Amino acid sequence: MQDRLAFLIGSPRSGSTLLARMLGAHSAIHAPAEPHLITPLAHLGYPERVEKAPYDPVITEQALRELIGALPRGEEDYLAALRAATDALYQGLLAGSGKPMLLDKTPAYALVLDFLVRLYPKARYVVLTRHPLAVWSSYVESFFDGDHEVAHAHNPLLERYVPAIARFLRERPVPYVHVRYEELVGDPARELERICQHLGVPFEPGMVRYGESAEGAATTARGLGDPLGVGSQTRPTTGSLAKWAKEMAAEPAKLAQGRRLIERLTDQDLEAWGYPRAETERQLDAVVPAPARRGGRGWNRYRLERALLVRLRRNIHHNAFGRLVKRVRLACDVLLR
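Residues numbered from 1 in each chain as written. Predicted model: local features only at pLDDT ≥ 70, side-chain atom pairs only at ≥ 80, totals over all residues. Heavy atoms only, no water.

Enquirer: Please provide a residue-by-residue account of helix 4 (residues 75-95), values included.
Expert: Here helix 4 spans 30 Å end to end across 21 residues, near enough to the 30 Å set by a 1.5 Å rise per residue. Among all positions of helix 4, only D77, Y78, L79, L82, R83, T86, D87, Y90 and L94 are buried. (Helix = DSSP H or I, 4+ residues; strand = E, 2+ residues; numbered from the N terminus. Expected span 1.5 Å × (residues − 1). Buried < 20%, exposed > 50% of the residue type's maximum accessible area, 1.4 Å probe, protein only.)

Enquirer: Describe helix 1 (residues 16-24), listing the residues and the values that go with them.
Expert: Here helix 1 lies mainly inside the structure; nine of its nine residues are buried. Regarding helix 1, the residues found buried are S16, T17, L18, L19, A20, R21, M22, L23 and G24.

Enquirer: Tell me what's going on with the packing of helix 13 (residues 252-264) against helix 15 (residues 277-285), and back it up with residues and numbers.
Expert: At a closest axis distance of 11 Å, the pairing of helix 13 and helix 15 adopts a crossing angle of 170°. Here helix 13 lies roughly antiparallel to helix 15, going by the angle between them. Taking contact as the criterion, the partners of L255, G258, R259, I262 and E263 in helix 13 are, on helix 15, R277, T280, L284 and D285. Here the residues of the contact of helix 13 with helix 15 are counted per class, giving three nonpolar, two polar and four charged. (Axes fitted to C-alpha atoms, helices over the stretch in contact; angles between N-to-C directions. Parallel < 35°, antiparallel > 145°, perpendicular 65-115°, else oblique. Contact = heavy atoms within 4.5 Å. Nonpolar A, V, L, I, M, F, W, Y, C, P; charged D, E, K, R; others polar.)

Enquirer: Before we move on, could you go through the sheet that holds strand 4 (residues 124-129) and cite the residues and values that matter?
Expert: Picture the strands of a sheet paired through backbone hydrogen bonds; they go either parallel or antiparallel. The strand order across the open sheet built from five strands is 2-3-1-4-5, with neighbouring strands paired in parallel fashion. Each edge of the sheet is formed by a strand with only one pairing partner; in this case those strands are strand 2 (29-30) and strand 5 (177-180). Its contacts with the sheet put helix 4 on strand 1 (5-9), strand 2 and strand 3 (101-104), and the angle it makes with strand 3 is roughly 115°. Strand contacts of helix 10 (residues 188-199): strand 1, strand 2, strand 3, strand 4 and strand 5, with the helix running at about 160° to strand 5, the strand carrying the most contacts. (Pairing = 2+ DSSP bridges.)

Enquirer: Help me get a handle on the pairing of strand 3, residues and values and all.
Expert: Burial of strand 3 is two-sided: the residues M101 and L103 facing one way and the residues L102 and D104 facing the other way are all buried. Relative to strand 3, strand 1 runs parallel, the two sharing three bridges. The residue bridging L5 from the neighbouring strand is L102, located in strand 3. Across two bridges, the pairing between strand 2 and strand 3 is parallel.

Enquirer: Any chance you could break down the nonpolar core for me, citing the residues and the numbers?
Expert: Ranked by internal contacts, the top residues of the largest apolar core, which has 58 residues, are F7, I9, I38, Y90, Y120 and Y125. Beyond its immediate chain neighbours, meaning those up to four positions away, I38 contacts F7, T86, Y90, Y109, V112, F115, L116, L119 and Y120. In this structure, L23, A31, V177 and L199 belong to the second largest nonpolar core, which totals 28 residues. (Core = buried A, V, L, I, M, F, W, Y, C linked by side-chain atoms within 4.5 Å.)

Enquirer: If you had to explain the environment of H36 to someone new, which residues and values would you point to?
Expert: Position of H36 among the secondary structure elements: in the loop between strand 2 and helix 2 (38-44). The class for H36 is partly exposed, based on a relative accessible area of 33%. For the pair H36 and A108, spaced 72 residues apart in sequence, the C-alpha to C-alpha distance is 7.6 Å. Each residue touching H36, except ones within four places of it in the same chain, is listed here: T106, A108 and Y109.

Enquirer: An account of the pattern of salt bridges is needed here, citing residue identities and associated values.
Expert: Here the structure, examined in full by the defined rule, presents 17 salt bridges. In this structure, the salt-bridge partner of D114 is R167, at a minimum N-O distance of 2.9 Å. Remark: R167 occurs in helix 8 (residues 157-171) and D114 occurs in helix 5 (residues 113-119); sequence separation between them is 53 residues. Judged by relative accessible area, which is 33%, R167 ranks as partly exposed. It is possible to trace a salt-bridge network through shared partners that takes in D187, R190, E191 and R194. (Salt bridge = Lys/Arg side-chain N within 4 Å of Asp/Glu carboxyl O.)

In structure tokens, the structure reads:
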């Protein structure tokens, strides 16, 4: 299965849905909804990760190490058994597609890359990065209805994903092709040619116009990623490149938070990510605070769900019906992912 498998590595809101849909428009690449196959294995089925699992980590880690030690080829046999399970599921996803290659685009894999490359060292890897403040601003607006404080309390996204992906880029444990979102939307044909060369498939011009092809349209179902932005387009655009600066200009507190987030990232990580500190700070300095211009955003079921989820997260500790609120919150989380 490794020869037919590609992983798209990127943080949430990095443009991975857009790239997955363009790649899914290729006649040889199947890009289904995010399967989230690897993260459960990494956290629940491997010794170095079980301390985060919801069972006794000490006993489980000891038992797994003894089990691995008793196998004829040790860790190699254990990884082969885990790989057999995911291989069977990946093959099932491919079976009905009629395509030879499967693309797994699951952002959470960026947090278990050490395990992923041990499990699939011969798969193809595509790494996508985007301006870190664009990632953060998009995350806040899309998932938390603009509430940057609740967003950070729930998930310090940049502090988690930037170091993890930057280390992967620096250490290069497996071959990969690195793509920056800004270059992808600026010259999609050129960047897609680079990616196709790495994947071993010929470039197809129709990939750029992913929304016009039958293959690309088939990947626009809700569940693959962002249902609001890329699903309404038929090809990549540069319209969102300056959006983060406009949103931060409208909210001084959010701009101040953006500065703090960049300060917490190391020079080494920002350089590997592709956005050096000096350049990023110059861009922040160029942001001029302006009066907020809220409104104009259309409402639909998706936005209503997000707004409800944010309100629940903000008030959960002050609600007398805490248990019920937690259940509703869990249901919203499941629906929105």
